[in-house]
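Survey of secondary and tertiary structure
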Amino acid sequence: MLFDPYANSALRLANRIAMAPMTRCRADHRDAVPNDLIVEYYRQRASAGLIISEGVPVSDRARGYLNTPALWNEDQAAGWKKVTDAVHAAGGTMFAQIWHCGRVAHAALVEFASQPRIGLHRRSNRRPRKP
Ligand SMILES: Cc1cc2nc3c(=O)[nH]c(=O)nc-3n(C[C@H](O)[C@H](O)[C@H](O)COP(=O)(O)O)c2cc1C
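Okay, so let's go over this structure. (Residues numbered from 1 in each chain as written. Predicted model: local features only at pLDDT ≥ 70, side-chain atom pairs only at ≥ 80, totals over all residues.)

Taken together, A20, P21, M22, T23, E54, G55 and Q97 are the residues near the ligand. Among the residues making up the shell around the ligand, the classes are represented as three nonpolar, three polar and one charged. (Near = placed C-beta within 6 Å. Nonpolar A, V, L, I, M, F, W, Y, C, P; charged D, E, K, R; others polar.)

So, about the nonpolar core. Grouped burial of nonpolar side chains is what soluble globular proteins tend to show. Of all hydrophobic cores here, the largest spans 18 residues; its most connected members are Y42, A46, I51, V83 and V87. Of all the secondary-structure elements, those providing two or more residues to this core are α1 (36-44), β4 (50-57) and α2 (74-89). Top element by residues in this core is α2. It accounts for four residues. With near-sequence residues (within four places) excluded, V87 lies in contact with Y42, R43, A46, I51, G92 and M94. (Core = buried A, V, L, I, M, F, W, Y, C linked by C-beta atoms within 7 Å. Buried ≥ 20, exposed ≤ 12 C-beta atoms within 10 Å, placed from the backbone. Helix = DSSP H or I, 4+ residues; strand = E, 2+ residues; numbered from the N terminus. Contact = placed C-beta atoms within 7 Å.)

Moving on to α2. Residue pairs three or four apart in sequence face the same way in an α-helix, which turns once every 3.6 residues. Over its 16 residues, α2 extends 22 Å from the first C-alpha to the last, a length consistent with the 22 Å expected when each residue adds 1.5 Å. For α2, every residue scored as buried is listed here: G79, W80, V83, T84, A86 and V87. Down the axis of α2, the buried side of the element spans an arc of 155 degrees, and every buried residue falls inside it. Away from the buried face of α2 by more than 90 degrees, exposed residues E74, D75, A78, K81, D85 and A89 are located. Residues of α2 that are buried in the fold lie against α1, β4 and β5 (94-99). In the stretch just after α2, G91 is the one whose phi turns positive, near 90 degrees. (Expected span 1.5 Å × (residues − 1). Arc of directions from axis to C-beta.)

The structure is reproduced here in structure tokens:
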């Protein structure tokens, strides 16, 4: 059963094994482009029917950790294309887990040290009212 193929209207998977997203922090933080090491990491695991990528920040300000490969510009997209090409060539299927780190994001990790946007979370930072 685990090794049987799976198909629905959108997906055809070689088997029913899925790899959970795991942040590996192996990119260069300055450009956050997926590199050869990351291509190799996912290629080696492509025998899983479905790979969910590590959390992938969708903007500079979405970053919560050092060295996470990202996806907000063309260079990064081209880097991920090398990853998915390698996974597809090895018979695997892969989804990106897109990510905004919210309050985990830190000014030290983003360009110009701008404060991360925390939006609606701000309310929950207020002190409770005194009775
Ligand atoms: C090194 C490491 C990195 C992880 N990175 C992510 C991540 O980027 N995104 C995510 O949703 N979960 C992440 N996780 C959580 C795993 O996906 C989770 O451990 C896995 O789904 C198994 O679930 P369990 O720990 O509840 O058994 C990470 C776990 C580990 C050990």
